[in-house]
Amino acid sequence: MAAAEADGCLRSFELYEAESKFYILGTNTDKTLWRLLTIDRMEPSELNVDEDSTVHSQSDYLDLLKILDEDHRSSGGVKFVTNCFGIIGFIKFLGPYYMLIITEQRKIGEIFGHPVYQVTKTAMIELSNSKTRPKLTNSKDENRYKKLLQTIDLRKDFFFSHSYHIMRSLQKNFSDPQEGWELYDTMFVWNEFLTRGIRNILKTTLWTVALVYGFFKQDKLAICGKDIMLTLIARRSRHYAGTRYLKRGVNDEGRVANDVETEQIVYEVLPGPRQISSVVQNRGSIPLFWSQETSKLNLKPDIILHEKDKNYEATRLHFENLRKRYGNPIIILNLIKTREKRPREIILRREFDRAIKIINSGLPLEDHLRFLHWDLHKNSQSKSTNALQVLLKVAFEALNLTEFFYYQVSPDQRTESFLNLSATLKNGFGPHVCDDNNNHGTADYVDLDDISQDDTCGSSDPDNGIAEYNSEVNGSTQIKPPKFQKGVLRTNCIDCLDRTNVAQYAYGLAALGHQLHALGSLESPEVHIDAPLSRHLMHFYERMGDTLALQYGGSAAHNKIFSAKRGHLKFAIQSQEFFRTLQRYYSNAYMDAYKQAAINLFLGYFEPQVGKPALWEPESGDEHVLDDDTSKLMKRARSDGSILNNSKPSMSSKGPNGMLNSAFTGSKKEGQYTNWSSDSMHGMSSTSDNSVSKLRYTSSASHVKHISCELDYCNGSGDSNFLDLDWLSASDNERFIQCFSLWTILYL
C-alpha cells in the first residue's frame, strides 16, 4: 500500500525508550502497517524529531524492534513505555522539552462512520535522561510551570477524530476541503501551539491529534420509523480565550472572548449516506473594549467601557472575520438589558448599537449587519410575553435569511468522490478503511415516533416536495439540489452563557424542523414546542449550556427558562440559581487567575524564558498575575492521579467541591513520566411546561414586515433593522392578520 494511503490510517501508537532516544511506532487499526518516529534525548532543550519514510509490515515491525534493541544494547536496550493514541504536542519551560500524549481515549460518537473520541487520560513525558538532566535548569520555577500546565483538564471536554475534520463545520468540509497541515491553523484547534514545532519539522500531521475544546453530544432518534442521528457540537475559539472576568469584549485583532461555534448535524442512519444536513450559529462577547474587575466583595462588578477605539476598528474587524467565515448576512441578536436602576448592561447596549450603526453607514446595503436588541430578562419576567415563543419567531426569520446546509448523495455516486476532505477521508462518509471495529457507538437511542399529535411524518409522494431520497424521472434518478448556509446568527448577552443558550436552543429547534423536513422525515418544517423531540433537543442545549458555562464562568448555566418550561417550582428554581451564582462567584474571585495563567501557557500566549520574569511576577507582562494565596489555594484543587511508571506510589490531593480538579503526580526519575488528568464536574439542572401555541412557518415566502431603512428605523425605537418589534411582540391572532395582509399584497 502506498505511503500516502497509510498516512491516513495511523490510529494507535507504541512508545519505547532508550537512553539516547524515544521511539514511537504508529499503526493502523488492524496493525498491518507501521511507521517509525524518532525523538532525540541528548539535546532535550532542542526539539529533534525524525520520521522514517518507510512503511513497515507486521513482520517488519517485529524485526525493527529487534534491530532497535540491538543498537542500544550497550546502554540497556529499548524498553516499552506505554501505548498511546497520538501526540498532543511538545512544550518547553526553562529546561527540557516535554511530550504530551493521549494514553486513553473513549469513543463518544461518530460522524458518517468516523469515530469521535474524548480524551480520558494523558501523560507528560520529559525528554531528558539521567545524563542530560543535570545540565538543565531544575528550579522551583520549572516545577511550578509544570504544575500550572497540568491544571488544564484535558479529560474534560476535549475531543478529536483521527479521520474526520471535527474542527470544521460539515459545510466547510464539503465545499472547501483542506489537507491536514492547514487544519491546525483553524481557530478551534487548541493544541496548535503545542504541535507547531513537530509540524514545522516533519511537514506532516500524521503523528499528532487536533484537539477541539467545547461540547459534543450525539443521539440516535427514531422518528416516523426512521433512524435519525442528531449531533450537537460546540467549538470554542483559542483566540482571546480565557475565563469570565479576565477575558471580556474584543482585542485589537477583532477576536472576542467566549467565541463559540455551534453546529447541529442531522442525517438518516443507513448503510450508506443518503441525505445530510447541518446548521451553524455563533455566540461571542460584545465586540467592544470593556471589562469587569474581579471582586471578592461584589457579586456583580461594575462594567467598565474603555474609550480605546472611537472608530470601532476592532469591532469592524470582528464582523469582517465573521463574514469571511460564514458569508452574509450577519444577524446580531443582542439579549442584554435595556432598563436598569443602576446602569450596567445598558451602557454596553447603547455603545454596541452605536457601533453597529456607524459600521453599517460605511457598508453597501447588501452587507449591512442585521441586528435586534431584545431584553430577554425583562421579557421572560413579563406575564404577557412568552420568551421562548418570541425567540422562535426570531429564529425562523433568521433561518429564512441564512438557510442551512443540505446535501443528497446519488446512488451511483462513488463514496470516494463525496466530500473530498483529504487522504484520511478517501472513503467519504462511508465505512472507513481505518474504522475501529472494536468500538461500538455510544449514542443513546430514543424513540420519538410520537413526535407530537400535530406533526406528521414525511410522505414518499414525490409531488409534495419531501420525496424519499430518489425518484425515477424518465428512467433516471432525480436528486434534490444541495443547499448552503449563507451568513450566520450571532447571539450574545453579557456572559454569552445563560440567556444566549436559551436563544440558541430556539434557533436549533427552528432549524431541526427544517432539517428533518428536508430529509423527508417530517411533512412540515416545524416541530411543536411541546413535542418529545423539542424536549429532547432542549436537553441537548441544556447540557451544552452547562458545559460552556463551567468552562468560562465556573458554574453550570442559569436555566430558569428551561426549568420553568418543565414545570419546576419557583422556589426550587431560585434555590438552584442562587447556588450557581455563589459557585460562579467563588470561581471568578478565587480560581480564575490561575486558570487564565494555565490557558495562556497551554495556548502559547506566554512562553517562559531563562532570565526573564516568571508568569507570576508583575514584570512578566502577563495581564493576570498570580499571587501566592491563589497558588496555595490551587494546590488544594488537584485530584488523584497515577504515575505512568508503576514502580513508585502516586502523589495527590483533592480540591474543594471538585472545582478545577487536576492531577500532578510523582514520577520516574525526578518527574520524567507524569500522569496528567483530572476529575470533571458538570452541574445539571432539570427544568417545565408552558403551553405555547403551535407555530406554523415556512421558508418559502416572506411573512413578516422586515425593516428596510438604513439608520432611522421604521419602528422608531432603533432596536432593530431586522424585524418589526411590533410584529415580534404581537399575539398569534394579530400576527396572523399581519401575515395574511402581507401575503395578500405580495401574492394576489
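Residues numbered from 1 in each chain as written. Predicted model: local features only at pLDDT ≥ 70, side-chain atom pairs only at ≥ 80, totals over all residues. Heavy atoms only, no water.

- As annotated in an unreviewed UniProt entry, the protein is SAC domain-containing protein from Panicum virgatum.
- UniProt lists a comment for the protein under the heading Subunit (unreviewed entry), and it reads "Component of the PI(3,5)P2 regulatory complex at least composed of ATG18, SAC/FIG4, FAB1 and VAC14."
- UniProt lists a comment for the protein under the heading Subcellular location (unreviewed entry), and it reads "Vacuole membrane". (UniProt positions renumbered as here; feature names shortened; annotations may be inferred.)

1. So, the sheet that holds strand 5 (residues 79-84)
- The five strands lie next to each other as 4-3-2-1-5, forming an open sheet whose pairing is antiparallel. Edge positions in the sheet fall to strand 4 (49-51) and strand 5, since each of these pairs with one other strand and no more. This sheet shows a mean twist of 20° between the axes of neighbouring strands, independent of strand direction.
- Both strand 1 (residues 12-17) and strand 2 (residues 21-27) contribute to a ladder of six bridges, which runs antiparallel. Paired with Tyr16 across the bridge in strand 2 is Tyr23.
- In this fold helix 6 (residues 192-202) packs onto strand 3 (34-40) and strand 4, with an angle of close to 50° to the strand it touches most, strand 4. (Pairing = 2+ DSSP bridges. Helix = DSSP H or I, 4+ residues; strand = E, 2+ residues; numbered from the N terminus. Axes fitted to C-alpha atoms, helices over the stretch in contact; angles between N-to-C directions. Contact = heavy atoms within 4.5 Å.)

2. Description of the pairing of strand 8 (residues 114-126)
- Of all 13 residues that make up strand 8, 12 are buried, and the element is covered over most of its length.
- Of the pairings in the sheet, the one linking strand 7 (residues 97-111) to strand 8 comprises 12 bridges and is antiparallel in character. Bridged to Glu104 within strand 8 is Lys121.
- The sheet contact formed by strand 8 and strand 9 (residues 158-160) spans two bridges and is antiparallel. The residue bridging Tyr117 from the neighbouring strand is Phe160, located in strand 9. (Buried < 20%, exposed > 50% of the residue type's maximum accessible area, 1.4 Å probe, protein only.)

3. Concerning the nonpolar core
- Leu372, Trp374, Leu391 and Leu728 are the most contacted members of the largest nonpolar core, which has 80 residues in total.
- Top element by residues in this core is helix 11 (residues 498-518). It accounts for 11 residues.
- Those residues in contact with Trp374 that sit more than four places away from it in its chain are Asn334, Leu335, Ile336, Asn379, Thr385, Ala387, Val390, Leu391 and Leu728.
- Listed in part, the 35 residues of the second largest apolar core include Phe93, Met124, Leu154 and Trp190. (Core = buried A, V, L, I, M, F, W, Y, C linked by side-chain atoms within 4.5 Å.)

4. So, the confidence of the model for the protein
- Residues of the protein with pLDDT of at least 70 account for 67%, and the chain-wide mean is 76.
- Predicted confidence for residues 459-475 stays below pLDDT 50, and this span has 32 contacts to residues more than four positions away or in other chains.
- Segment residues 630-672: pLDDT under 50, and 121 contacts once partners within four positions in sequence are set aside and those in other chains are kept. (pLDDT = per-residue confidence, 0-100.)

5. Some details on the environment of Leu399
- Topologically, Leu399 is positioned in helix 10 (residues 387-402).
- Each C-alpha atom, one on Leu399 and one on Gln485, is 9.1 Å from the other, the two residues being 86 residues apart in sequence.
- Setting aside anything within four residues of it in sequence, one finds Leu399 in contact with Val279, Tyr507, Ala510, Ala511 and His514.

6. Quick notes on the pairing of strand 10 (residues 212-223)
- Across the 12 residues of strand 10, 11 count as buried, placing the element largely inside the fold.
- Direction of pairing for strand 9 relative to strand 10: antiparallel, over a ladder of two bridges. Along strand 10, the bridge assignment pairs Phe159 with Val212.
- Summarising the sheet, strand 10 and strand 11 (residues 226-236) pair through 10 bridges and their orientation is antiparallel. Residue pairing for strand 11: Leu221 is matched across the bridge by Ile228.

7. Brief notes about the packing of helix 10 against helix 11
- The contact between helix 10 and helix 11 brings their axes to 8 Å, and the two run at 55°. In terms of orientation, helix 10 and helix 11 fall into the oblique class. Helix 10 and helix 11 meet at a crossing whose hand is right-handed. Across the interface between the two elements, Leu388, Leu391, Leu392, Ala395, Phe396, Ala398, Leu399 and Thr402 from helix 10 touch Val502, Ala503, Tyr505, Ala506, Tyr507, Leu509, Ala510, Ala511 and His514 from helix 11. (Parallel < 35°, antiparallel > 145°, perpendicular 65-115°, else oblique. Left-handed = near helix turned anticlockwise from the far one by under 90°.)

8. Focus: the pattern of salt bridges
- Applying the stated rule across the entire model yields 23 salt bridges.
- As a salt-bridge pair, Lys21 and Asp40 come within 3.9 Å of each other at their nearest N and O atoms. Of this pair, Lys21 sits in strand 2 while Asp40 sits in strand 3, and the two are 19 residues apart along the sequence.
- Between Arg73 and Asp69 there is a salt bridge, and its shortest N-O distance comes to 3.8 Å. (Salt bridge = Lys/Arg side-chain N within 4 Å of Asp/Glu carboxyl O.)

9. Looking at the packing of aromatic side chains
- This model, assessed by the stated rule, comprises 17 aromatic pairs.
- With a centroid separation of 3.8 Å and an interplanar angle of 10°, the aromatic rings of Trp34 and Tyr61 are classed as stacked. Here Trp34 is found in strand 3, whereas its partner Tyr61 is found in helix 2 (residues 58-71), with 27 residues between them in sequence.
- In this structure Tyr61 comes out as buried when scored by relative accessible area, which is 8%.
- Measuring from ring centre to ring centre gives 4.4 Å for Phe112 and Tyr267, while their planes differ by 35°; the resulting arrangement is tilted. A residue pair is termed long-range when its members are at least 10 positions apart, and Phe112 in the loop between strand 7 and strand 8 and Tyr267 in strand 12 (residues 260-268) qualify at 155 residues. In terms of burial, Phe112 and Tyr267 fall into one category: buried.
- Feature note: the residues Phe158, Trp190, Tyr213 and Phe602 constitute an aromatic cluster, connected by ring pairs.
- Its end group placed over the ring of Phe540, Lys217 keeps NZ or CZ at 5.1 Å from the ring centre. (Phe/Tyr/Trp six-rings, centres within 6.5 Å; stacked < 30°, edge-to-face > 60°. Lys NZ or Arg CZ within 6 Å of the ring centre and 35° of its normal.)

10. Regarding the side chain of Thr491
- Within the secondary structure, Thr491 is located in strand 22 (residues 488-492).
- If near-sequence neighbours (up to four positions away) are discounted, Thr491 is found in contact with Asn282, Arg283, Gly284, Leu333, Leu335, Thr500 and Ala503.

11. Topic: the environment of Asp367
- Turning to its location among the elements, Asp367 is positioned in the loop between helix 8 (345-361) and strand 17 (370-373).
- On the basis of relative accessible area, Asp367 is assigned to the partly exposed category, the value being 21%.
- In this structure the C-alpha to C-alpha distance between Asp367 and Pro329, which are 38 residues apart in sequence, comes to 6.8 Å.
- With near-sequence residues (within four places) excluded, Asp367 lies in contact with Arg323 and Asn328.

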